[in-house]
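Spelled out, the chains give:
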Amino acid sequence: MFGTNGGGFFNANSAHPFENPTPLSNFLEMFLIFVIPSGLTYTLGRMTGSPRHGWAVWGAMTALFLVGVSTVYWAEARGNSQLSGVNQAATALQSGGNMEGKEVRFGIANSALFATATTDASCGAVNGMHDSFTPLGGMIPLVNVMLGEVIFGGVGSGLYGMLVFVILAVFIAGLMVGRTPSTWARKSKPSM
């Protein structure tokens, strides 16, 4: 997971017990997925001479990640409302919620966290099947993929995608308040 693009020897990827045996290894894999992209935001701040800018980009990425994880977990823990007559409540005998396609060793929380982390970072690894998520829970990984997996981004492909979004946001905000690049040029010229 550190500097690679997911995959693995076994077809089940990180859901296979030989590749991801414990919750600790599951957490370590998610941590390694985010190490390089997070480090690159620090590098951005150092290279631009403005560490606050790097932290601002990292904060935006983290906020989007946390919203995604919260939404996926909320949708998956509620279960499927279309299954009438099926008890989906958490009890001593069952974990509750939508467990279809989830890794039983890790449960809904870690499967939601892993799905959001891998689609935020273009990793390609899975420990739960994204097509088995509820409609709202599956929407978040799909939106992450459709955004180009740039929320944290993968090795060599994430930070520049996020920076394009930052530049677009600043440009559009400038248009909304009347500060276009042409007004920047006019204001910077010395008057005679």
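Above: the structure in question.
In this report, the structure presented in the accompanying data block is examined. (Residues numbered from 1 in each chain as written. Predicted model: local features only at pLDDT ≥ 70, side-chain atom pairs only at ≥ 80, totals over all residues. Heavy atoms only, no water.)

**Re the overall build of the protein**
Okay, step 1: Check the secondary structure of the protein and you find six helices and zero strands.
Okay, step 2: The order of α-helices and β-strands along the protein, N terminus first, is α-α-α-α-α-α.
Okay, step 3: Within the protein, the fraction of its 192 residues that count as buried is 36%.
Okay, step 4: Residue pairs at least 24 apart in sequence account for 66% of intrachain contacts in the protein once pairs closer than 6 positions are excluded. (Helix = DSSP H or I, 4+ residues; strand = E, 2+ residues; numbered from the N terminus. Buried < 20%, exposed > 50% of the residue type's maximum accessible area, 1.4 Å probe, protein only. Contact = heavy atoms within 4.5 Å.)

**Side note on the packing of helix H1 (residues 23-48) against helix H3 (residues 107-120)**
Okay, step 1: It is at 10 Å that the axes of H1 and H3 come closest, and there the two elements cross at 20°. Considered as vectors, H1 and H3 are oriented roughly parallel to each other. Crossing handedness for the pair H1 and H3: left-handed. In this structure, H1 uses Asn26, Glu29, Met30, Ile33 and Phe34 to contact H3, whose residues at the interface are Asn110, Leu113, Phe114, Ala117, Thr118 and Asp120.
Okay, step 2: Residue classes in the contact of H1 with H3 are distributed as six nonpolar, three polar and two charged. (Axes fitted to C-alpha atoms, helices over the stretch in contact; angles between N-to-C directions. Parallel < 35°, antiparallel > 145°, perpendicular 65-115°, else oblique. Left-handed = near helix turned anticlockwise from the far one by under 90°. Nonpolar A, V, L, I, M, F, W, Y, C, P; charged D, E, K, R; others polar.)

**As for helix H2 (residues 51-78)**
Okay, step 1: For H2, spanning 28 residues, the distance from its first C-alpha to its last is 41 Å, which sits close to the expected 40 Å at 1.5 Å a residue.
Okay, step 2: By the burial criterion, the buried members of H2 are Gly54, Val57, Met61, Thr62, Phe65, Gly68, Val69, Val72, Ala75 and Glu76.
Okay, step 3: The elements touched by buried residues of H2 are H1, H3, helix H4 (135-146) and helix H5 (159-177).
Okay, step 4: Gly79 sits one or two positions beyond H2 and adopts a positive phi of about 85°. (Expected span 1.5 Å × (residues − 1).)

**A word on H4**
Okay, step 1: Taking 1.5 Å per residue, twelve residues should reach 16 Å; H4 reaches 16 Å between its end C-alpha atoms and fits that length.
Okay, step 2: Within H4, burial applies to Gly137, Ile140, Pro141 and Asn144. What you see down the axis of H4 is that its buried residues fit within an arc of 85°, all on one side. Exposed and facing more than 90 degrees away from the buried side of H4 are Pro135 and Met146. (Arc of directions from axis to C-beta.)

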